[in-house]
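Take a look at the letters that make up each chain.
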Amino acid sequence: MKIHFVGAAREVTGSCYLIETGQVRFLVDCGMVQGGREAAARNHAPFPFDPASIDFVLLTHAHIDHSGLLPKLTRHGFQGPVHTVSATRDLLEVMLRDSAHIQEFDAERAARRRAKQRKPSRSEEAVIYGMADAEQALRQVRPTPYDQRVEPHPQVMCIFRDAGHILGSAIIEVWVSEGGRTTKIVFSGDLGQPGRPILRDPTPIEDADLLFIESTYGDRSHKDQEATRGELAGIVEQTLAGGNVIIPAFAVGRTQEVIYHLHRLTREGRIAPQNIVVDSPMATQATRITQKHAALFDEAARELVQWKEAGTGLPRLRFAETAQESMALNNVRSGLIIISASGMCDAGRIRHHLFHNLSRRSCAVLITGYQARGTLGRRLVEGQQTVRLLGQDVRVRAKIHTVGGLSAHADREALLGWAEGFRKPPRQVFVIHGEDTSAQALANALANRPGWTVSVPRVGDVYELPEAIA
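What counts, and where the lines are drawn
- Residues numbered from 1 in each chain as written.
- Predicted model: local features only at pLDDT ≥ 70, side-chain atom pairs only at ≥ 80, totals over all residues.
- Heavy atoms only, no water.
- Helix = DSSP H or I, 4+ residues; strand = E, 2+ residues; numbered from the N terminus.
- Buried < 20%, exposed > 50% of the residue type's maximum accessible area, 1.4 Å probe, protein only.
- Pairing = 2+ DSSP bridges.
- Axes fitted to C-alpha atoms, helices over the stretch in contact; angles between N-to-C directions.
- Phe/Tyr/Trp six-rings, centres within 6.5 Å; stacked < 30°, edge-to-face > 60°.
- Lys NZ or Arg CZ within 6 Å of the ring centre and 35° of its normal.
- Salt bridge = Lys/Arg side-chain N within 4 Å of Asp/Glu carboxyl O.
- Domains from an automatic or database assignment.
- Contact = heavy atoms within 4.5 Å.
- Buried area = accessible area lost by both parts, 1.4 Å probe.

Quick word on unusual backbone geometry
- The omega torsion of the bond from Ala-341 to Ser-342 falls at 15°, within 30 degrees of zero and hence cis.
- Tracing the chain through its elements places Ser-342 in the loop between strand 15 (336–340) and helix 11 (350–357).
- For Ala-8, which is not glycine, the phi dihedral falls at a positive 55°.
- For Ala-8, the location among the structural elements is in the loop between strand 1 (2–7) and strand 2 (16–20).
- Judged by its relative accessible area of 0%, Ala-8 falls in the buried class.

What follows is the structure, encoded as C-alpha coordinates:
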(Lines give C-alpha, C1' and ligand atoms only; values in the text may rest on other atoms or scores of the structure.)
Protein backbone atom coordinates (compact mmCIF):
# COMPACT_ATOMS: atom_id res chain seq x y z
CA MET A 1 0.00 0.00 0.00
CA LYS A 2 1.13 3.53 -0.85
CA ILE A 3 -0.23 6.81 0.50
CA HIS A 4 0.35 10.02 -1.46
CA PHE A 5 0.14 13.37 0.34
CA VAL A 6 -1.45 15.50 -2.38
CA GLY A 7 -2.43 18.47 -0.19
CA ALA A 8 -2.88 19.82 3.35
CA ALA A 9 0.57 18.65 4.46
CA ARG A 10 2.42 21.43 6.31
CA GLU A 11 -0.43 23.66 5.14
CA VAL A 12 -4.05 24.04 6.16
CA THR A 13 -6.01 23.94 2.89
CA GLY A 14 -6.20 21.66 -0.15
CA SER A 15 -6.91 18.46 1.79
CA CYS A 16 -6.32 15.41 -0.44
CA TYR A 17 -4.74 11.99 0.15
CA LEU A 18 -4.41 9.15 -2.35
CA ILE A 19 -4.36 5.57 -1.08
CA GLU A 20 -3.47 2.83 -3.53
CA THR A 21 -2.91 -0.92 -3.48
CA GLY A 22 -2.65 -3.43 -6.31
CA GLN A 23 -6.47 -3.67 -6.37
CA VAL A 24 -7.83 -0.21 -5.52
CA ARG A 25 -7.08 3.53 -5.70
CA PHE A 26 -9.14 6.02 -3.72
CA LEU A 27 -8.98 9.56 -2.35
CA VAL A 28 -9.77 10.93 1.07
CA ASP A 29 -10.97 14.50 0.38
CA CYS A 30 -10.39 16.56 -2.75
CA GLY A 31 -10.16 20.16 -1.58
CA MET A 32 -9.19 23.55 -2.93
CA VAL A 33 -6.05 25.40 -1.90
CA GLN A 34 -7.01 28.74 -0.34
CA GLY A 35 -4.91 31.83 0.41
CA GLY A 36 -1.58 32.95 -0.98
CA ARG A 37 -0.52 33.89 -4.48
CA GLU A 38 0.12 30.29 -5.53
CA ALA A 39 -3.40 29.08 -4.71
CA ALA A 40 -4.90 29.80 -8.15
CA ALA A 41 -2.03 28.12 -10.00
CA ARG A 42 -2.21 25.03 -7.80
CA ASN A 43 -5.97 24.71 -8.20
CA HIS A 44 -5.63 24.98 -11.99
CA ALA A 45 -2.70 22.55 -12.21
CA PRO A 46 -3.38 18.98 -13.37
CA PHE A 47 -3.88 16.42 -10.62
CA PRO A 48 -0.71 14.41 -9.89
CA PHE A 49 -2.73 11.27 -10.70
CA ASP A 50 -5.21 10.19 -13.37
CA PRO A 51 -8.72 11.08 -12.12
CA ALA A 52 -10.20 8.30 -14.26
CA SER A 53 -8.15 5.75 -12.30
CA ILE A 54 -9.74 6.67 -8.94
CA ASP A 55 -12.30 4.10 -7.80
CA PHE A 56 -14.06 6.27 -5.21
CA VAL A 57 -13.66 9.23 -2.84
CA LEU A 58 -14.25 9.37 0.91
CA LEU A 59 -15.17 12.91 1.98
CA THR A 60 -14.73 14.12 5.57
CA HIS A 61 -16.94 17.24 5.29
CA ALA A 62 -18.28 19.98 3.04
CA HIS A 63 -15.84 22.85 3.58
CA ILE A 64 -14.34 23.90 0.23
CA ASP A 65 -10.76 23.20 1.32
CA HIS A 66 -11.86 19.55 1.60
CA SER A 67 -14.48 19.24 -1.15
CA GLY A 68 -13.91 22.08 -3.59
CA LEU A 69 -12.09 20.20 -6.37
CA LEU A 70 -14.58 17.35 -6.66
CA PRO A 71 -16.15 18.97 -9.76
CA LYS A 72 -12.67 19.30 -11.29
CA LEU A 73 -12.13 15.60 -10.56
CA THR A 74 -15.30 14.64 -12.45
CA ARG A 75 -14.50 17.12 -15.23
CA HIS A 76 -11.25 15.22 -15.88
CA GLY A 77 -12.59 11.70 -15.86
CA PHE A 78 -13.53 10.52 -12.37
CA GLN A 79 -16.71 8.43 -12.59
CA GLY A 80 -16.84 6.70 -9.21
CA PRO A 81 -18.94 7.40 -6.12
CA VAL A 82 -18.22 9.99 -3.43
CA HIS A 83 -19.12 8.57 -0.01
CA THR A 84 -19.95 11.02 2.76
CA VAL A 85 -22.38 11.75 5.59
CA SER A 86 -25.97 12.60 4.63
CA ALA A 87 -25.84 16.15 6.05
CA THR A 88 -22.66 16.80 4.07
CA ARG A 89 -24.50 15.79 0.91
CA ASP A 90 -27.08 18.50 1.60
CA LEU A 91 -24.40 21.13 2.21
CA LEU A 92 -22.50 20.16 -0.95
CA GLU A 93 -25.52 21.14 -3.03
CA VAL A 94 -25.03 24.69 -1.79
CA MET A 95 -21.25 24.85 -1.66
CA LEU A 96 -20.26 23.18 -4.93
CA ARG A 97 -22.83 25.13 -6.91
CA ASP A 98 -21.67 28.36 -5.31
CA SER A 99 -18.05 27.48 -6.04
CA ALA A 100 -18.89 26.70 -9.69
CA HIS A 101 -20.73 30.00 -10.01
CA ILE A 102 -17.67 31.83 -8.67
CA GLN A 103 -15.40 29.99 -11.14
CA GLU A 104 -17.60 30.92 -14.09
CA PHE A 105 -18.09 34.53 -12.95
CA ASP A 106 -14.38 35.13 -12.29
CA ALA A 107 -13.34 33.55 -15.60
CA GLU A 108 -15.86 35.63 -17.55
CA ARG A 109 -14.81 38.83 -15.81
CA ALA A 110 -11.11 38.10 -16.45
CA ALA A 111 -11.81 37.39 -20.12
CA ARG A 112 -13.64 40.73 -20.53
CA ARG A 113 -10.82 42.58 -18.80
CA ARG A 114 -8.18 40.95 -20.98
CA ALA A 115 -10.14 41.64 -24.15
CA LYS A 116 -10.56 45.29 -23.19
CA GLN A 117 -6.84 45.57 -22.48
CA ARG A 118 -6.03 43.57 -25.63
CA LYS A 119 -3.87 41.25 -23.61
CA PRO A 120 -3.63 37.45 -23.96
CA SER A 121 -5.53 35.32 -21.46
CA ARG A 122 -3.74 33.61 -18.58
CA SER A 123 -4.20 29.97 -17.59
CA GLU A 124 -4.89 30.94 -13.96
CA GLU A 125 -7.91 32.96 -15.13
CA ALA A 126 -9.61 30.11 -16.99
CA VAL A 127 -12.52 28.32 -15.40
CA ILE A 128 -11.43 25.45 -13.13
CA TYR A 129 -14.85 23.88 -13.53
CA GLY A 130 -18.38 25.00 -14.28
CA MET A 131 -21.90 24.39 -13.08
CA ALA A 132 -22.30 21.29 -15.23
CA ASP A 133 -19.26 19.75 -13.53
CA ALA A 134 -20.64 20.59 -10.08
CA GLU A 135 -23.98 18.98 -10.97
CA GLN A 136 -22.20 15.86 -12.18
CA ALA A 137 -20.15 15.66 -8.98
CA LEU A 138 -23.35 15.95 -6.92
CA ARG A 139 -24.90 13.07 -8.86
CA GLN A 140 -21.96 10.90 -7.81
CA VAL A 141 -22.37 11.57 -4.06
CA ARG A 142 -23.59 8.59 -2.01
CA PRO A 143 -24.88 9.76 1.42
CA THR A 144 -24.59 7.55 4.47
CA PRO A 145 -25.56 7.90 8.17
CA TYR A 146 -22.98 8.11 10.91
CA ASP A 147 -21.80 4.82 12.45
CA GLN A 148 -22.93 2.62 9.54
CA ARG A 149 -20.61 0.29 7.64
CA VAL A 150 -19.91 1.22 4.03
CA GLU A 151 -18.10 -1.07 1.60
CA PRO A 152 -17.08 1.02 -1.41
CA HIS A 153 -14.82 -1.77 -2.73
CA PRO A 154 -14.36 -5.48 -1.99
CA GLN A 155 -11.02 -4.66 -0.30
CA VAL A 156 -12.20 -1.56 1.60
CA MET A 157 -14.65 -1.01 4.45
CA CYS A 158 -15.22 2.27 6.27
CA ILE A 159 -17.34 3.93 8.97
CA PHE A 160 -18.02 7.66 9.34
CA ARG A 161 -17.97 8.95 12.94
CA ASP A 162 -19.08 12.38 14.17
CA ALA A 163 -16.12 14.82 14.22
CA GLY A 164 -18.02 17.72 15.82
CA HIS A 165 -16.43 20.29 13.48
CA ILE A 166 -19.36 21.40 11.30
CA LEU A 167 -22.68 19.79 10.43
CA GLY A 168 -21.93 16.43 8.81
CA SER A 169 -18.20 16.48 9.56
CA ALA A 170 -16.66 13.04 9.99
CA ILE A 171 -13.75 11.08 11.32
CA ILE A 172 -13.33 8.18 8.90
CA GLU A 173 -12.22 4.72 9.98
CA VAL A 174 -10.98 2.80 6.94
CA TRP A 175 -10.02 -0.89 6.75
CA VAL A 176 -7.96 -1.78 3.66
CA SER A 177 -7.27 -5.43 2.86
CA GLU A 178 -4.27 -6.45 0.77
CA GLY A 179 -2.53 -9.79 0.44
CA GLY A 180 -4.72 -11.39 3.08
CA ARG A 181 -3.96 -8.71 5.70
CA THR A 182 -6.03 -5.76 6.81
CA THR A 183 -4.69 -2.33 7.79
CA LYS A 184 -6.86 0.13 9.68
CA ILE A 185 -6.37 3.81 8.77
CA VAL A 186 -8.05 6.60 10.71
CA PHE A 187 -8.49 10.07 9.21
CA SER A 188 -9.44 12.60 11.87
CA GLY A 189 -10.76 15.07 9.31
CA ASP A 190 -11.19 18.43 11.01
CA LEU A 191 -11.97 17.87 14.69
CA GLY A 192 -14.28 20.16 16.64
CA GLN A 193 -13.57 21.67 20.04
CA PRO A 194 -15.25 19.67 22.85
CA GLY A 195 -17.93 21.58 24.71
CA ARG A 196 -18.76 23.90 21.82
CA PRO A 197 -22.40 24.67 21.19
CA ILE A 198 -24.72 23.14 18.58
CA LEU A 199 -22.71 20.06 17.61
CA ARG A 200 -21.75 16.99 19.59
CA ASP A 201 -18.17 16.36 20.72
CA PRO A 202 -15.78 14.42 18.44
CA THR A 203 -16.18 10.65 18.66
CA PRO A 204 -13.32 8.86 20.48
CA ILE A 205 -11.49 6.26 18.40
CA GLU A 206 -9.74 3.39 20.18
CA ASP A 207 -7.37 1.82 17.66
CA ALA A 208 -5.58 2.39 14.36
CA ASP A 209 -2.57 1.14 12.49
CA LEU A 210 -2.13 4.48 10.71
CA LEU A 211 -3.49 7.76 12.08
CA PHE A 212 -3.86 11.01 10.14
CA ILE A 213 -4.52 13.83 12.63
CA GLU A 214 -5.18 17.49 11.84
CA SER A 215 -3.11 20.23 13.52
CA THR A 216 -4.66 23.58 12.55
CA TYR A 217 -4.32 24.79 16.16
CA GLY A 218 -1.71 22.28 17.29
CA ASP A 219 0.41 24.99 18.91
CA ARG A 220 -2.19 27.05 20.81
CA SER A 221 -5.18 26.99 23.11
CA HIS A 222 -8.61 28.56 22.73
CA LYS A 223 -10.38 30.58 25.39
CA ASP A 224 -13.08 28.62 27.15
CA GLN A 225 -16.70 29.14 26.12
CA GLU A 226 -17.63 31.34 29.08
CA ALA A 227 -14.69 33.67 28.47
CA THR A 228 -15.54 33.71 24.76
CA ARG A 229 -19.14 34.72 25.41
CA GLY A 230 -17.95 37.41 27.81
CA GLU A 231 -15.57 38.80 25.20
CA LEU A 232 -18.27 38.75 22.53
CA ALA A 233 -20.75 40.53 24.83
CA GLY A 234 -18.17 43.20 25.64
CA ILE A 235 -17.37 43.88 21.98
CA VAL A 236 -21.06 44.18 21.10
CA GLU A 237 -21.89 46.49 24.01
CA GLN A 238 -18.86 48.75 23.45
CA THR A 239 -19.30 49.10 19.70
CA LEU A 240 -22.94 49.30 18.68
CA ALA A 241 -23.74 52.65 20.28
CA GLY A 242 -21.53 54.43 17.76
CA GLY A 243 -20.59 51.88 15.11
CA ASN A 244 -21.13 48.45 13.59
CA VAL A 245 -19.69 45.03 14.38
CA ILE A 246 -18.53 43.26 11.23
CA ILE A 247 -18.06 39.49 11.51
CA PRO A 248 -16.40 37.64 8.61
CA ALA A 249 -17.67 34.08 9.02
CA PHE A 250 -17.64 30.90 6.99
CA ALA A 251 -21.11 30.28 5.62
CA VAL A 252 -21.18 26.73 6.97
CA GLY A 253 -20.61 26.23 10.68
CA ARG A 254 -19.24 29.56 11.90
CA THR A 255 -22.23 31.68 10.91
CA GLN A 256 -24.63 29.35 12.70
CA GLU A 257 -22.45 29.26 15.82
CA VAL A 258 -22.13 33.05 16.00
CA ILE A 259 -25.93 33.32 15.76
CA TYR A 260 -26.20 30.76 18.57
CA HIS A 261 -23.91 32.76 20.87
CA LEU A 262 -25.73 36.02 20.19
CA HIS A 263 -29.08 34.36 20.90
CA ARG A 264 -27.76 32.83 24.10
CA LEU A 265 -26.29 36.12 25.35
CA THR A 266 -29.64 37.76 24.69
CA ARG A 267 -31.50 34.99 26.49
CA GLU A 268 -29.20 35.36 29.52
CA GLY A 269 -29.73 39.13 29.58
CA ARG A 270 -26.05 39.86 29.00
CA ILE A 271 -26.76 41.92 25.89
CA ALA A 272 -29.91 43.72 24.82
CA PRO A 273 -31.74 42.36 21.73
CA GLN A 274 -29.65 43.53 18.78
CA ASN A 275 -30.09 43.98 15.02
CA ILE A 276 -28.27 41.06 13.39
CA VAL A 277 -28.04 40.70 9.62
CA VAL A 278 -26.67 37.60 7.89
CA ASP A 279 -25.50 38.88 4.51
CA SER A 280 -24.50 35.75 2.63
CA PRO A 281 -26.84 33.82 0.34
CA MET A 282 -24.87 30.64 0.96
CA ALA A 283 -24.98 31.12 4.74
CA THR A 284 -28.73 31.60 4.52
CA GLN A 285 -29.12 28.28 2.75
CA ALA A 286 -26.65 26.57 5.08
CA THR A 287 -28.57 27.83 8.12
CA ARG A 288 -31.76 26.30 6.77
CA ILE A 289 -29.97 22.99 6.18
CA THR A 290 -28.58 23.14 9.73
CA GLN A 291 -32.11 23.54 11.10
CA LYS A 292 -33.21 20.54 9.01
CA HIS A 293 -30.65 18.33 10.79
CA ALA A 294 -31.54 19.32 14.37
CA ALA A 295 -31.25 15.66 15.39
CA LEU A 296 -27.47 16.11 15.23
CA PHE A 297 -27.51 19.03 17.72
CA ASP A 298 -26.33 18.77 21.31
CA GLU A 299 -28.76 19.26 24.20
CA ALA A 300 -27.95 22.95 24.76
CA ALA A 301 -28.66 23.78 21.12
CA ARG A 302 -31.99 21.94 21.20
CA GLU A 303 -33.00 23.94 24.29
CA LEU A 304 -32.14 27.18 22.52
CA VAL A 305 -34.25 26.16 19.53
CA GLN A 306 -37.21 25.68 21.88
CA TRP A 307 -36.63 29.15 23.40
CA LYS A 308 -36.43 30.71 19.94
CA GLU A 309 -39.67 29.03 18.92
CA ALA A 310 -41.37 30.61 21.96
CA GLY A 311 -40.72 33.97 20.26
CA THR A 312 -40.01 36.24 23.26
CA GLY A 313 -36.99 38.47 23.93
CA LEU A 314 -35.31 37.51 20.65
CA PRO A 315 -32.53 39.34 18.81
CA ARG A 316 -33.78 40.95 15.60
CA LEU A 317 -32.27 38.52 13.08
CA ARG A 318 -32.79 38.88 9.35
CA PHE A 319 -31.16 37.61 6.19
CA ALA A 320 -30.12 39.91 3.33
CA GLU A 321 -31.27 37.97 0.28
CA THR A 322 -30.64 40.39 -2.60
CA ALA A 323 -27.71 42.54 -3.68
CA GLN A 324 -29.89 45.61 -3.09
CA GLU A 325 -30.54 44.58 0.53
CA SER A 326 -26.82 44.04 0.99
CA MET A 327 -25.89 47.45 -0.44
CA ALA A 328 -28.47 49.17 1.76
CA LEU A 329 -26.50 48.04 4.83
CA ASN A 330 -23.67 50.34 3.79
CA ASN A 331 -25.83 53.34 4.69
CA VAL A 332 -26.27 52.20 8.31
CA ARG A 333 -23.60 53.85 10.46
CA SER A 334 -24.26 52.19 13.81
CA GLY A 335 -26.22 49.54 15.67
CA LEU A 336 -25.73 46.63 13.25
CA ILE A 337 -24.05 43.25 13.66
CA ILE A 338 -23.27 42.09 10.11
CA ILE A 339 -22.25 38.45 9.61
CA SER A 340 -20.99 37.84 6.10
CA ALA A 341 -18.78 35.54 4.04
CA SER A 342 -16.10 34.74 3.19
CA GLY A 343 -14.56 33.85 6.51
CA MET A 344 -11.04 34.78 5.38
CA CYS A 345 -12.23 38.06 3.78
CA ASP A 346 -10.92 37.18 0.33
CA ALA A 347 -14.22 37.12 -1.56
CA GLY A 348 -17.92 37.76 -1.25
CA ARG A 349 -20.02 40.50 0.31
CA ILE A 350 -17.79 40.81 3.39
CA ARG A 351 -15.30 42.84 1.36
CA HIS A 352 -17.92 45.55 0.78
CA HIS A 353 -18.75 45.75 4.48
CA LEU A 354 -15.08 45.96 5.36
CA PHE A 355 -14.62 48.68 2.72
CA HIS A 356 -17.34 50.80 4.38
CA ASN A 357 -16.41 50.12 8.03
CA LEU A 358 -12.68 49.36 8.37
CA SER A 359 -11.65 53.02 8.27
CA ARG A 360 -14.06 53.98 11.09
CA ARG A 361 -12.69 53.99 14.65
CA SER A 362 -16.18 53.46 16.03
CA CYS A 363 -16.48 50.04 14.35
CA ALA A 364 -15.12 46.61 15.21
CA VAL A 365 -14.17 43.58 13.13
CA LEU A 366 -14.56 40.25 14.87
CA ILE A 367 -12.30 37.48 13.48
CA THR A 368 -13.85 34.14 14.41
CA GLY A 369 -11.65 31.50 12.79
CA TYR A 370 -8.41 30.45 11.16
CA GLN A 371 -6.98 32.85 8.56
CA ALA A 372 -4.73 31.24 5.96
CA ARG A 373 -1.45 32.80 4.90
CA GLY A 374 -1.89 35.34 2.12
CA THR A 375 -5.52 36.18 2.90
CA LEU A 376 -6.91 39.60 3.78
CA GLY A 377 -8.11 38.17 7.09
CA ARG A 378 -4.56 37.14 7.97
CA ARG A 379 -3.26 40.63 7.17
CA LEU A 380 -5.87 42.18 9.46
CA VAL A 381 -4.99 39.79 12.29
CA GLU A 382 -1.30 40.59 11.86
CA GLY A 383 -2.01 44.31 12.26
CA GLN A 384 -1.55 45.65 8.73
CA GLN A 385 -2.54 49.32 8.83
CA THR A 386 -3.59 49.73 5.20
CA VAL A 387 -5.26 47.10 3.01
CA ARG A 388 -6.39 46.98 -0.60
CA LEU A 389 -10.16 46.65 -1.04
CA LEU A 390 -12.29 47.11 -4.16
CA GLY A 391 -9.39 48.74 -5.98
CA GLN A 392 -8.66 51.26 -3.22
CA ASP A 393 -6.29 51.54 -0.27
CA VAL A 394 -8.24 51.54 3.00
CA ARG A 395 -6.82 52.59 6.35
CA VAL A 396 -7.52 50.13 9.17
CA ARG A 397 -8.88 52.20 12.04
CA ALA A 398 -11.58 49.83 13.29
CA LYS A 399 -10.71 47.61 16.24
CA ILE A 400 -9.70 44.11 15.13
CA HIS A 401 -10.67 41.40 17.62
CA THR A 402 -9.61 37.76 17.30
CA VAL A 403 -11.93 35.51 19.29
CA GLY A 404 -10.27 32.08 19.20
CA GLY A 405 -12.97 30.46 21.28
CA LEU A 406 -15.32 30.66 18.29
CA SER A 407 -13.05 28.48 16.16
CA ALA A 408 -14.61 25.29 14.80
CA HIS A 409 -11.26 23.52 15.15
CA ALA A 410 -9.98 21.65 18.19
CA ASP A 411 -7.13 23.42 19.99
CA ARG A 412 -3.89 21.81 21.17
CA GLU A 413 -5.34 20.36 24.39
CA ALA A 414 -8.39 19.01 22.59
CA LEU A 415 -6.28 17.36 19.88
CA LEU A 416 -4.04 15.72 22.46
CA GLY A 417 -7.09 14.71 24.49
CA TRP A 418 -8.69 13.05 21.47
CA ALA A 419 -5.44 11.20 20.76
CA GLU A 420 -5.49 9.85 24.32
CA GLY A 421 -8.55 7.84 23.35
CA PHE A 422 -6.39 5.27 21.55
CA ARG A 423 -5.89 2.22 23.75
CA LYS A 424 -2.43 1.65 22.29
CA PRO A 425 -0.22 3.83 20.06
CA PRO A 426 -0.91 3.65 16.33
CA ARG A 427 1.98 2.14 14.42
CA GLN A 428 2.48 5.40 12.52
CA VAL A 429 1.01 8.88 13.00
CA PHE A 430 0.93 11.57 10.31
CA VAL A 431 0.35 15.14 11.48
CA ILE A 432 -1.42 16.97 8.67
CA HIS A 433 -3.60 20.01 7.96
CA GLY A 434 -1.50 22.58 9.80
CA GLU A 435 1.17 25.15 9.05
CA ASP A 436 4.75 24.16 9.89
CA THR A 437 4.79 25.61 13.39
CA SER A 438 1.49 24.15 14.56
CA ALA A 439 2.05 20.77 12.89
CA GLN A 440 5.51 20.36 14.35
CA ALA A 441 4.35 21.44 17.82
CA LEU A 442 1.62 18.81 17.86
CA ALA A 443 3.98 16.18 16.42
CA ASN A 444 6.53 16.86 19.17
CA ALA A 445 3.88 16.54 21.87
CA LEU A 446 2.60 13.25 20.46
CA ALA A 447 6.11 11.87 19.92
CA ASN A 448 6.88 12.38 23.62
CA ARG A 449 4.35 9.67 24.45
CA PRO A 450 5.82 6.20 24.86
CA GLY A 451 5.53 4.12 21.71
CA TRP A 452 4.24 6.87 19.41
CA THR A 453 5.99 7.19 16.03
CA VAL A 454 5.12 10.53 14.44
CA SER A 455 6.03 12.32 11.24
CA VAL A 456 5.06 15.59 9.57
CA PRO A 457 4.82 14.94 5.81
CA ARG A 458 5.10 17.47 3.01
CA VAL A 459 3.01 17.83 -0.13
CA GLY A 460 4.31 15.30 -2.66
CA ASP A 461 5.58 12.82 -0.09
CA VAL A 462 4.72 9.15 -0.55
CA TYR A 463 4.48 6.69 2.32
CA GLU A 464 4.83 3.00 1.54
CA LEU A 465 3.49 0.60 4.13
CA PRO A 466 6.28 -1.64 5.54
CA GLU A 467 5.78 -5.37 5.43
CA ALA A 468 5.75 -5.43 9.24
CA ILE A 469 2.56 -3.34 9.22
CA ALA A 470 0.97 -4.80 6.12
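Observations regarding the sheet that holds strand 4 (residues 56–58)
- In spatial order, the strands read 6-5-4-3-2-1-22; together these seven strands make up an open sheet with mixed pairing. Looking at the sheet topology across the chains shown, the edges are occupied by strand 6 (141–144) and strand 22 (462–464). In this sheet, neighbouring strand axes are inclined to one another by 25° on average, regardless of whether the strands run parallel or antiparallel.
- As paired elements, strand 4 and strand 5 (residues 82–85) share two bridges and run parallel to each other.

Some details on the packing of aromatic side chains
- Applying the stated rule across the entire model yields twelve aromatic pairs.
- Relative to Phe-212, the ring of Phe-5 lies with its centre 5.7 Å away and its plane at 25°, an arrangement referred to as stacked. Here Phe-212 lies in strand 11 (residues 210–214) and Phe-5 lies in strand 1, a separation of 207 residues in the sequence.
- By relative accessible area, Phe-5 is classed as buried at 2%.
- A relative accessible area of 0% places Phe-212 in the buried class.
- An aromatic cluster is built from Phe-5, Tyr-17, Phe-187, Phe-212, Phe-430 and Tyr-463, whose rings are joined through pairwise contacts.
- We note Lys-72 situated over the ring of Phe-47; from NZ or CZ to the ring centre the distance is 4.6 Å.

Quick word on the pattern of salt bridges
- With the rule as written, the count across this model stands at 28 salt bridges.
- Salt-bridge contacts for Arg-97 lead to Glu-135; the nearest nitrogen and oxygen are separated by 2.8 Å. On the criterion of sequence distance, the pair formed by Arg-97 in helix 4 (residues 86–117) and Glu-135 in helix 5 (residues 131–139) is long-range, its members being 38 residues apart.
- Of the residues examined, Arg-97 reaches a relative accessible area of 31% and is grouped as partly exposed.
- With a closest N to O distance of 3.1 Å, Asp-162 and Arg-200 form a salt bridge. On the criterion of sequence distance, the pair formed by Asp-162 in strand 8 (residues 156–162) and Arg-200 in the loop between strand 10 (181–187) and strand 11 is long-range, its members being 38 residues apart.
- Owing to a relative accessible area of 35%, Arg-200 belongs among the partly exposed residues under this scheme.
- Because the salt bridges share partners, they merge into one network encompassing Asp-147, Arg-161, Glu-173, Lys-184, Glu-206, Asp-207 and Arg-423.

Describing the domain arrangement of the protein
- Domain annotation of the protein identifies domain 1 (2–220 + 408–464) and domain 2 (225–402).
- Once you take the C-alpha centre of each, domain 1 and domain 2 turn out to be 27 Å apart.
- Listed as interface residues are 25 residues of domain 1 and, on the opposing side, 27 residues of domain 2.
- Summed over both partners, the interface of domain 1 with domain 2 buries about 2,500 Å², with 64% contributed by carbon and sulfur atoms.
- On inspection of domain 1 and its partner domain 2, the count reaches two salt bridges.

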